[in-house]
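Residue-level listing of the chains:
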Amino acid sequence: MVTHYQKAYFLLSVADVKQLPPDEGIEVAMVGRSNAGKSSVLNRFTQNKSLARVSKTPGRTQMVNIFVLDEKRRIADLPGYGFAKAPLSAKLRWQKTVDAYISERKCLKGLVLVMDIRHPLKDLDRQLLSYCEHRNLPVHILLNKSDKLSKLAIRQTIKNVEYILTDYTNSVTFQIFSATKSIGVEDLYSQLNTWYEYKN
């Protein structure tokens, strides 16, 4: 099946939100810890293995990367956090860029927060959720790498995540996902289609 997301192409990388495209149309941003598999997720749902650079060294996304779906819709791939082997000054600069993007970007409709299902909702993830709640920004969590856990462990993780998410009053949804095994791709499309206002 051909999807809207297969049309995605790379537009530009920026280190400062002032360099972003005009603040209009619809953007959905992807964010997560540097070892959560964010680039693999992006490549999976766009069905383009070379769209985002996948590295065995976490933290390769050090700038905001913009991908275009059509003249109205874009994907923003935000710098990963929490694990990258980089100087503190660089990490602080990336964090400032991410904070500015989330707080200032009016065309931002929602965040896809990618987590490793084996290590969900770490402190930095919760800080981000609290920040998004303050901003009243919807978040859809992908519990990625679900192929690494047994069905029993997945069920237990889902229960734990559901319990933790009761702390947040804004729209926070979640699902299991595996970029490697293509688990949960259709559910992700459903969420993205809502945000991007696709009719089918």
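Here, every reference points to the structure presented above.
The following paragraphs examine the structure supplied in this document. Note that the structure is a prediction, hence the values are computed from the model and not measured.

Here the focus is the overall build of the protein chain. Of the regular secondary structure elements, the protein chain holds 5 helices and 7 strands. The linear arrangement of helices and strands in the protein chain, starting from the amino end, is β-β-α-β-β-α-β-α-β-α-β-α. The C-alpha radius of gyration of the protein chain comes to 16 Å, within 12% of the 16 Å expected for a compact globule of 200 residues. In terms of its C-alpha atoms, the protein chain occupies a principal-axis envelope of roughly 45 × 45 × 35 Å. Here the protein chain holds 200 residues, and the buried ones make up 49% of them. In the protein chain, the 30 positive side-chain charges and the 19 negative ones have mean positions that sit 7 Å from each other.

A separate point is the sheet that holds strand E6 (residues 139-144). Backbone hydrogen bonds hold the strands of a sheet together, and the pairing may be parallel or antiparallel. On the basis of which strands lie adjacent, the open sheet formed by 7 strands has the order E1-E3-E4-E2-E5-E6-E7 and mixed pairing. Looking at strand neighbours, the two that pair on one side only are strand E1 (9-14) and strand E7 (172-176), the edges of this open sheet. Strand-to-strand twist of the sheet, defined as the mean angle between neighbouring strand axes without regard to direction, takes the value 20°. Inspection of the sheet shows strand E5 (residues 108-116) paired to E6 by 6 bridges, in the parallel sense. When the sheet's bridge partners are listed, Leu113 is paired in E6 with Ile141. This element, helix H2 (residues 88-104), spans strand E2 (26-32), strand E3 (64-68), strand E4 (73-77) and E5 of the sheet and lies at about 140° to E5.

With that settled, consider the nonpolar core. In this structure, Leu78, Tyr101, Leu111, Leu113, Leu129 and Ile141 are the most contacted members of the largest nonpolar core, which totals 33 residues. The set of elements that each furnish at least two residues to this core consists of E2, E3, H2, E5, helix H3 (123-135), E6 and helix H4 (151-165). Beyond its immediate chain neighbours, meaning those up to four positions away, Tyr101 contacts Val17, Leu20, Glu27, Ala29, Ala76, Leu78 and Leu108. Membership of the second largest hydrophobic core comes to 26 residues, among which are Leu142, Ala179, Leu188 and Tyr198.

Attention now goes to unusual backbone geometry. Even without being a glycine, Ser182 presents a positive backbone phi close to 60°. By the element assignment, Ser182 lies in the loop between E7 and helix H5 (185-196). Under the relative-accessibility criterion, Ser182 is labelled partly exposed at 34%. In this structure, Glu197 is a non-glycine residue whose phi angle is positive, near 65°. As for its placement among the helices and strands, Glu197 is situated in the segment after H5.

Following the sequence through the fold, Lys148 ends up in the loop between E6 and H4. Note: C-alpha distance between Lys148 and Ser178 (30 residues apart in sequence) is 8.8 Å.

Of all 5 residues that make up E3, 5 are buried, and the element is covered over most of its length. Side chains Val64, Ile66 and Val68 of E3 all project onto a buried face; the interleaved residues Asn65 and Phe67 project onto the opposite face, where all are buried too. Bridge analysis of E3 against E4 gives 4 bridges, and the strand direction is antiparallel. Bridging from a neighbouring strand, Asn65 pairs with Asp77 of E4. Connecting E3 to the next strand, E4, in antiparallel fashion are 4 residues.

Scoring rules and cut-offs
- Residues numbered from 1 in each chain as written.
- Predicted model: local features only at pLDDT ≥ 70, side-chain atom pairs only at ≥ 80, totals over all residues.
- Heavy atoms only, no water.
- Helix = DSSP H or I, 4+ residues; strand = E, 2+ residues; numbered from the N terminus.
- Rg over C-alpha atoms; globule rule 2.2 N^0.38 Å.
- Buried < 20%, exposed > 50% of the residue type's maximum accessible area, 1.4 Å probe, protein only.
- Lys, Arg positive; Asp, Glu negative; His and termini not counted.
- Charge placed at Lys NZ, Arg CZ, Asp CG, Glu CD.
- Pairing = 2+ DSSP bridges.
- Axes fitted to C-alpha atoms, helices over the stretch in contact; angles between N-to-C directions.
- Contact = heavy atoms within 4.5 Å.
- Core = buried A, V, L, I, M, F, W, Y, C linked by side-chain atoms within 4.5 Å.

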